[in-house]
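# Descriptive analysis of the structure
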Amino acid sequence: MGGSHVRSDTLPKAPTFERLVFAVKWGASTVQILGYTATGFGWTPLNLYLFLVGVVGWFAVGALWNDKALMLVHLVALGAMIAGMSSG
């Protein structure tokens, strides 16, 4: 990790760029965990909507960090989810 990243378990003190990234990262992670839970209980299509929010959130984190690998994997996931949802 580069010097500009904040430790994942440390909430930045000032309302800065790092605090925004922290909030989006943990918000998206929480929503994705809810998506996994919804999948486990068979709560469709709620699980898909939760995953969409989580994937978009993690894509945003990748964009904020200018991390092309993170952006790519979530862009592909988003495309696959949209394609699957529109075909069914």
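Residues numbered from 1 in each chain as written. Predicted model: local features only at pLDDT ≥ 70, side-chain atom pairs only at ≥ 80, totals over all residues. Heavy atoms only, no water.

## Focus: the side chain of Asn47
The criterion, for reference: Secondary structure is summarised from DSSP: a helix means a run of H or I of at least four residues, a strand means a run of E of at least two, and numbering begins at the N terminus for each. Any two residues whose heavy atoms approach within 4.5 Å at even a single point are treated as in contact.
In this fold, Asn47 is placed in helix H2 (residues 46-65). Ignoring sequence-local partners within four residues, the contact set of Asn47 consists of Gly35, Ala38 and Thr39.

## Re H2
The test is simple: Take the number of residues in a helix, subtract one, and multiply by 1.5 Å to get its expected span. The rule is simple: take the accessible area with a 1.4 Å probe, protein chains only, and divide by the maximum for that residue type; under 20% is buried, over 50% is exposed, in between is partly exposed.
Taking 1.5 Å per residue as the helical rise, H2 with its 20 residues ought to reach 28 Å, and the 29 Å between its terminal C-alpha atoms agrees with that figure. Residues of H2 that are buried include every one of Asn47, Leu50, Phe51, Leu52, Gly54, Val55, Gly57, Trp58, Val61 and Gly62, and no others. Here the buried face of H2 lies against helix H1 (17-40) and helix H3 (68-87). A positive backbone phi angle near 55° is found at Asn66, which sits one or two residues after H2.

## Quick notes on the environment of Phe17
Within the secondary structure, Phe17 sits in helix H1. For the pair Phe17 and Leu64, spaced 47 residues apart in sequence, the C-alpha separation works out to 8.7 Å.

## Topic: the packing of aromatic side chains
In plain terms, the rule: Note on ring pairs: Phe, Tyr and Trp rings are taken, using the six-membered ring of Trp, and paired if centres are within 6.5 Å. Classes follow the plane angle, with under 30 degrees stacked, over 60 edge-to-face and the rest tilted.
Counting across every chain of the model gives three aromatic pairs. An angle of 45° between the planes, with centres 6.4 Å apart, marks the rings of Phe22 and Trp26 as tilted. You can see Phe22 and its partner Trp26 sitting in helix H1, four residues apart, about one turn around the helix. Look at Phe22 and you get buried, because its relative accessible area is 17%. Relative accessible area serves as the criterion here: at 40%, Trp26 is assigned to the partly exposed category. Plain terms: the ring middles of Tyr36 and Phe51 are 5.0 Å apart, the flat faces sit at 70° to each other, and that makes the pair edge-to-face. With Tyr36 in helix H1 and Phe51 in helix H2, the pair connects residues that are 15 residues apart, well separated along the chain. Look at Tyr36 and you get exposed, because its relative accessible area is 53%.

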